[in-house]
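Each chain is listed here by its residues.
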Number of protein chains: 2
Amino acid sequence: MTANEKLALLRLKMQDEGIDWFLIGSSDYHASEYVGDFFKVSEFFSGCTSDNVLLLIGRENAYLWTDGRYFISAAKELAGSSITLMKSGEKGVPTLEEFLRENVKKGETLAFDGRTINAEAGAAYDDILMEAGASLITDIDPADGIWKDRPALPVHPIFLVPDELAGASFAEKLEAVRGAMAEKKADYLMLSRLDDIAWLTNARGNDIFCNPVMLAYALVGKDSFHLFTEEEEVTDEFDDYCADRDITLHPYETVLDFLEGFSFDGSVMLEKSATSDAIYQIIANKADVVLAANPTERMKAVKNPVEIENIKKTYLMDSVALTHFIYWFKTNVGKMKITELSAAENLDARRAALPGYIELSFPTISAYGANAAMAHYAATEENQAEVEPHGFLLVDSGGQYMGGTTDVTRTMAAGELTAEEKRDFTLTLVANLNLLNARFLYGATGKVLDTYARSPLWEYGINYNHGTGHGIGYILNVHEGPQNIRWKFNPGQKEVPFEAGMIISDEPGVYIEGKYGIRIETILLTEAGIENEYGQFLKFLPLTWAPIDLDAVDTAYMQPRDIARLNDYHAKTFEKLAPYFEGEELAWLREATRPLPLIDKLTKQL
Amino acid sequence: MTANEKLALLRLKMQDEGIDWFLIGSSDYHASEYVGDFFKVSEFFSGCTSDNVLLLIGRENAYLWTDGRYFISAAKELAGSSITLMKSGEKGVPTLEEFLRENVKKGETLAFDGRTINAEAGAAYDDILMEAGASLITDIDPADGIWKDRPALPVHPIFLVPDELAGASFAEKLEAVRGAMAEKKADYLMLSRLDDIAWLTNARGNDIFCNPVMLAYALVGKDSFHLFTEEEEVTDEFDDYCADRDITLHPYETVLDFLEGFSFDGSVMLEKSATSDAIYQIIANKADVVLAANPTERMKAVKNPVEIENIKKTYLMDSVALTHFIYWFKTNVGKMKITELSAAENLDARRAALPGYIELSFPTISAYGANAAMAHYAATEENQAEVEPHGFLLVDSGGQYMGGTTDVTRTMAAGELTAEEKRDFTLTLVANLNLLNARFLYGATGKVLDTYARSPLWEYGINYNHGTGHGIGYILNVHEGPQNIRWKFNPGQKEVPFEAGMIISDEPGVYIEGKYGIRIETILLTEAGIENEYGQFLKFLPLTWAPIDLDAVDTAYMQPRDIARLNDYHAKTFEKLAPYFEGEELAWLREATRPLPLIDKLTKQL
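Residues numbered from 1 in each chain as written. Chains lettered and ligands numbered in written order. Predicted model: local features only at pLDDT ≥ 70, side-chain atom pairs only at ≥ 80, totals over all residues. Heavy atoms only, no water.

### Observations concerning helix α5 (residues 119-132) of chain B
Residue and element names in this part refer to chain B. For α5, which comprises 14 residues, the first-to-last C-alpha distance of 20 Å matches the rise-based estimate of 20 Å (1.5 Å per residue) to within 8%. Taken residue by residue, α5 has A119, G122, Y125, I128 and L129 as its buried positions. Against the buried residues of α5 lie β1 (21-25), β2 (54-57), α4 (96-103), β5 (109-112), β6 (135-137) and α11 (277-286). For α5, the capping residue at the N-terminal end is N118, with a side-chain oxygen 2.9 Å from the backbone nitrogen of E120. Looking one or two residues past α5, G133 carries a phi angle of roughly 75 degrees, positive in sign. (Helix = DSSP H or I, 4+ residues; strand = E, 2+ residues; numbered from the N terminus. Expected span 1.5 Å × (residues − 1). Buried < 20%, exposed > 50% of the residue type's maximum accessible area, 1.4 Å probe, protein only. Contact = heavy atoms within 4.5 Å. Polar contact = N/O pair within 3.5 Å; in protein donor to acceptor, adjacent residues only side chain to side chain.)

### A look at the packing of aromatic side chains
This model, assessed by the stated rule, comprises 56 aromatic pairs over all chains. Judged by centre distance (5.1 Å) and plane angle (65 degrees), the ring pair of F228 of chain A and F258 of chain A falls under edge-to-face. Placement of the pair is F228 of chain A in strand β11 (residues 225-229) and F258 of chain A in helix α10 (residues 255-261), with a sequence separation of 30 residues. The pair formed by F228 of chain A and F258 of chain A is uniform in burial state, with each residue classed as buried. The aromatic ring of F38 of chain B is capped on one face by R150 of chain B, whose charged end is 3.8 Å from the ring centroid. (Phe/Tyr/Trp six-rings, centres within 6.5 Å; stacked < 30°, edge-to-face > 60°. Lys NZ or Arg CZ within 6 Å of the ring centre and 35° of its normal.)

### Topic: the relation of the copies chain B and chain A
Put simply, the second copy of the chain is the first one after a rotation about an axis and a shift along it. Superposition of chain B onto chain A requires a rotation of 179 degrees combined with a translation of 0.1 Å along the rotation axis, giving an RMSD of 0.1 Å. Both copies of the chain, as the preceding transformation shows, are related through a two-fold rotation axis. Here 100% of the interface residues in chain B have copies in chain A that are interface residues too; the copies meet face to matching face. (Least-squares fit on C-alpha atoms with pLDDT ≥ 70 in both.)

### A look at unusual backbone geometry
Cis geometry marks the peptide bond from G481 of chain A to P482 of chain A, where omega comes out at 5 degrees. Turning to its location among the elements, P482 of chain A is positioned in strand β23 (residues 480-485). At K185 of chain A, a residue that is not glycine, the phi angle is positive and equals roughly 55 degrees. Along the polypeptide, K185 of chain A turns up in the loop between α7 (170-183) and β8 (188-191). A positive phi angle, near 55 degrees, is found at A31 of chain B, a position not held by glycine. Turning to its location among the elements, A31 of chain B is positioned in the loop between β1 and α2 (41-46).

### Some points on the interface of chain B and chain A
Listed by partner, the interface residues are 36 residues for chain B and 36 residues for chain A. Taking both sides of the interface into account, the surface hidden between chain B and chain A amounts to around 3,300 Å²; carbon and sulfur atoms contribute 66%. The three residues of chain B that bury the most area against chain A are W458, Y534 and R561 of chain B, which together make up 21% of that side's buried surface. Counting across the interface, chain B meets chain A through 6 salt bridges. The residue E459 of chain A makes a salt bridge to R565 of chain B at a minimum N-O spacing of 3.9 Å. (Buried area = accessible area lost by both parts, 1.4 Å probe. Salt bridge = Lys/Arg side-chain N within 4 Å of Asp/Glu carboxyl O.)

### Let's talk about the pattern of salt bridges
Residues and elements named next belong to chain B. Counted according to the given criterion, the structure contains 54 salt bridges over all chains. A salt bridge links D20 to R59; its shortest N-O distance comes to 3.6 Å. Of this pair, D20 sits in the loop between α1 (3-17) and β1 while R59 sits in the loop between β2 and β3 (62-66), and the two are 39 residues apart along the sequence. Note that D450 and R454 form a salt bridge whose closest N and O atoms lie 2.6 Å from each other. Of this pair, D450 and R454 both sit in helix α16 (residues 446-458), 4 residues apart, roughly one helical turn. D450 sits in the buried class, given a relative accessible area of 0%.

### A short note on the sheet that holds strand β14 (residues 289-291) of chain A
Residue and element names in this part refer to chain A. With respect to topology, 6 strands assemble into an open sheet ordered β12-β11-β10-β8-β13-β14, the strand pairing being mixed. With partners counted over all chains shown, the strands left at the sheet margins are β12 (248-251) and β14, one partner each. Strand-to-strand twist across the sheet, computed as the mean angle between neighbouring axes with direction ignored, equals 20 degrees. Direction of pairing for strand β10 (residues 216-221) relative to β11: antiparallel, over a ladder of 5 bridges. Within β11, the residue paired with V220 across the bridge is F225. Helix-sheet contacts for helix α8 (residues 194-201) involve β8, β10 and β11, and the interaxial angle to β10 is about 60 degrees. On top of the sheet, helix α11 (residues 277-286) reaches β8, β10, β13 (268-270) and β14; it is set at about 130 degrees to β14, its chief contact. (Pairing = 2+ DSSP bridges. Axes fitted to C-alpha atoms, helices over the stretch in contact; angles between N-to-C directions.)

### Observations concerning the sheet that holds strand β20 (residues 408-413) of chain B
Residue and element names in this part refer to chain B. Here 3 strands make up an open sheet; going across it, the order is β16-β17-β20 and the pairing antiparallel. Edge positions in the open sheet fall to β16 (365-368) and β20, since each of these has one partner strand only. Strand after strand, the sheet turns through a mean of 10 degrees between neighbouring axes, direction not considered. Across 4 bridges, β16 lies against strand β17 (residues 392-397) in antiparallel orientation. Within the sheet, the bridge partner assigned to S366 lies in β17 and is V395.

Written out as structure tokens, the structure is:
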């Protein structure tokens with residue numbers, strides 16, 4: 001079926017049900033960033049693979065909102081359909097809210113599946129419809145009866161992270177969560193985010209590609225714990241684990257009915273943006289709601305000493321594998337055929353051979369030349385570049401291990417570089433090192449920190465259209481909050497102070513359309529610095545130890561301090577990695593991490 | 001009368017009126033930062049001169065909240081009174097709101113003068129009292145009948161800024177304001193902020209020390225303009241000016257009655273934090289309120305080409321006077337007796353002699369040695385330091401001219417300096433130059449920009465407990481919004497993107513208690529930089545051209561780029577100032593602005 005044929009079927013259904021507008025989001029029931037195939041309803045109807053979509057279908061017209069990362073791909077995917085692409089944030093393009101205000105008429109009805117729209121958004125739509133004198137249906141799934149070959153919900157056995165690997169038992173974490181509930185005078189906590197539940201229970205799954213989470217809800221009481229998971233995923237081990245810990249297991253699909261029937265003995269704490277409208281409506285009708293950030297989010301973000309110890313070991317192991325790959329690439333490029341996919345496969349195989357390997361933490365991005373300038377580029381067998389002996393290969397990759405989740409980007413010279421390529425690589429490097437070496441007072445948020453990385457590029461009139469850093473889970477999602485580093489926060493994005501124990505990526509870049517893309521990403525651990533009359537200072541410790549390609553560095557764009565910082569990073573990298581290298585590889589590593597002279601020529605940055 | 005005697009009188013009044021709690025703020029009727037003597041009611045009752053006070057008087061106890069800038073002075077001023085100092089923001093100190101929630105009981109009554117509490121704060125107090133089952137009286141002035149020798153409202157004739165000096169006529173500004181009202185679908189705009197009204201009407205007054213504003217309110221209609229000013233301040237010229245422009249003049253004190261009696265033909269736009277609770281309550285009872293920032297604020301902040309031209313000339317003239325003063329200081333220190341006040345008087349006299357001089361833009365801060373480490377230090381005849389031939393003299397000063405409002409800080413070596421003093425001076429300089437040379441994308445707010453200045457100090461574990469930059473008026477208040485540069489925004493503080501035409505101070509500092517204080521403040525004009533695929537870049541142009549004391553610079557703490565930036569600023573300073581200097585003074589200026597070698601020794605900042 002084409003998109004238009006699917007829309008025609010949906011419009012028949014809309015007619016039957018008296019629906020004038022159908023709104024379809026791209027989220028699952030848990031406000032996840034990435035979702036399982038079962039939940040890709042907006043993709044089914046529109047063909048658009050973006051993970052940030054709002055698809056609005058009217059009786060005659062249809063509109064799809066997505067963000068700048070996906071304008072190009074969405075335009076291609078929507079070609080031939082009757083769906084109008086709405087480029088969010090572009091001048092003259094109304095937001096969905098503005099569009100609804102202008103177009104929904106009195107007496108009309110809008111429908112969405114209340115399980116896939118978060119409660120914050122749901123409330124906003126509800127307000128708009130109320131004002132317009134229109135009505136709302138939220139208990140309907142647009143795919144029902146139309147998406148015939150819809151994939152089933154994923155089923156993968158739940159597995160456990162042993163307490164000694166987690167650093168804190170379920171009981172200890174639960175006590176902390178109940179403490180946070182008591183602080184807010186809440187009697188229950190409703191958890192819907194999959195990584196919050198995985199962290200709290202020390203359980204993991206495989207229900208979302210590269211995200212080791214299981215589909216679940218949890219209702220935490222003062223002395224009860226209700227967990228909703230797919231029955232087929234409950235192993236004997238997990239069943240025993242729950243029984244021993246007074247975790248009451250329920251079938252995943254019963255959560256709404258359970259909440260409908262439950263007698264809440266007190267108030268319920270929840271975070272609207274992390275809770276579906278369906279769940280929120282049921283709870284808000286029955287109990288006092290305490291609106292607050294999920295306490296699990298911050299607890300999860302501040303890694304405990306055991307986690308930190310394991311993360312350090314895991315990142316070193318991962319860095320060793322990456323650096324072996326870099327050696328392979330640098331010594332073979334120009335001598336043998338290397339494609340984007342063959343490079344990725346080479347690296348992926350090295351990770352897969354590491355102890356504790358679970359899966360990749362995301363599909364490896366291997367992008368050569370102009371391909372690397374495209375955000376979210378993914379090479380395919382049919383459509384991929386062969387590396388030529390010039391320009392850059394950008395490789396952004398990571399793994400899930402029983403000991404941590406990794407993420408790293410290195411950009412490597414494949415041969416000759418233009419002066420412009422070297423300049424932009426060097427500026428990206430200066431940006432990366434500037435953030436890596438930041439010393440800052442407690443209270444600084446990601447907006448304060450972003451300037452460390454972005455300012456060296458701004459100085460040259462260059463910007464990158466993405467954030468500088470994101471949090472990273474522990475045997476969990478490669479993107480996690482609440483901390484992040486960016487210069488603009490969208491409404492709803494959290495801007496929180498950094499704390500010792502938080503992990504953050506440091507990944508500035510330069511992207512020149514049609515030419516090349518550069519990104520250098522090193523993962524950092526936030527640590528306590530000095531404490532004095534001004535307060536508590538914080539600093540970063542790199543977790544990633546992999547050489548920066550000196551073939552691409554032009555020290556004319558560096559201050560002596562920048563060069564000293566690079567030399568320092570390389571000296572430590574050599575020290576950490578050397579035990580894992582020998583012979584020619586060791587000699588190569590020594591050369592790849594050699595110190596550069598501090599003052600080579602007068603710098604151009606004066 | 002002592003504070004306690006005054007409180008006793010107030011408590012008698014409270015008993016008569018059935019009042020259990022009296023709340024007294026330090027603001028005037030216009031949410032001004034600085035206020036006339038008539039409005040200093042909290043100072044009258046408490047003796048505390050802080051300009052950020054909330055004084056709460058109960059039947060038996062009294063409490064005064066103020067912020068960190070005033071903890072030391074307030075403690076001294078409250079000594080001997082029965083008032084408890086509440087240090088806002090300190091651990092374990094409840095906010096006023098928290099205190100009211102804990103202490104106000106059902107059936108009790110709290111009073112405040114609704115003209116002196118802004119509507120945002122008023123609504124918060126009202127909510128707390130409602131919850132407590134307490135009631136509120138807001139039409140009572142605590143000073144009535146008690147403050148016998150209360151100063152009268154200030155009376156100074158209103159004067160005009162001619163259109164050719166303002167760069168835009170009242171009619172042009174009014175059209176823009178009405179455009180902003182139309183955008184918000186508002187039929188009226190209620191203006192209470194004195195500088196907003198001064199800007200819009202191109203009128204000025206002298207009702208607040210160093211702030212050339214007149215006491216006024218304005219109600220802007222679609223085709224009406226009601227202006228409330230003190231009748232004694234209306235000159236014949238201003239009367240004619242208003243008559244010619246359809247400005248309806250009303251006596252200042254009639255504003256509340258006027259609003260009570262007015263038939264609003266539509267909705268009223270206002271900003272709650274810039275409007276007194278008294279005004280807000282009257283309007284909200286009679287008309288739909290459109291809550292929005294005063295459109296005048298942003299319009300006033302973005303200087304027009306005529307203003308910019310005049311500001312540049314005025315800052316150059318002011319810089320010449322300051323530099324003559326610096327010459328006088330540097331060549332006479334150690335040879336003649338110089339005190340903090342004699343230095344200030346020398347500088348003030350030079351400004352007073354300049355064409356178009358109106359008054360100082362704030363009382364000159366002249367602080368030697370350890371005195372400069374105290375925020376808001378003010379030398380007095382009885383209590384001031386004599387400059388000795390070592391350490392620093394910090395001078396923060398500015399003037400009001402018919403052509404602009406200036407502000408500048410230079411810190412000068414009075415003789416020998418310690419290595420620590422030189423290091424901290426140099427770090428402050430690097431911070432100042434880093435912000436001055438920033439290139440940034442449109443969209444960057446003061447939090448993004450703050451890092452440019454603060455990071456060089458953070459690197460050494462140093463912080464300054466104030467913002468980095470504030471906006472500055474044009475023949476108006478030396479502090480104006482909405483833009484400012486700071487790393488933490490308090491609730492209610494505005495965080496707005498910078499725009500070309502905005503003026504901002506760049507004033508990092510180092511303050512070592514008991515030892516010394518350093519601040520370097522240069523005023524910057526925001527200008528358009530390049531526009532490219534990433535957006536519109538912005539940059540700063542210095543308005544202040546005055547030498548940085550090279551006697552205090554240790555280039556070991558500078559990168560070559562920092563030194564190049566200093567040399568560049570000094571080369572331009574010499575070029576701008578040289579025409580106004582001759583003979584020995586010119587030779588001194590050349591030496592004071594000489595270029596430093598880019599690479600002197602290997603820097604310590606590696």
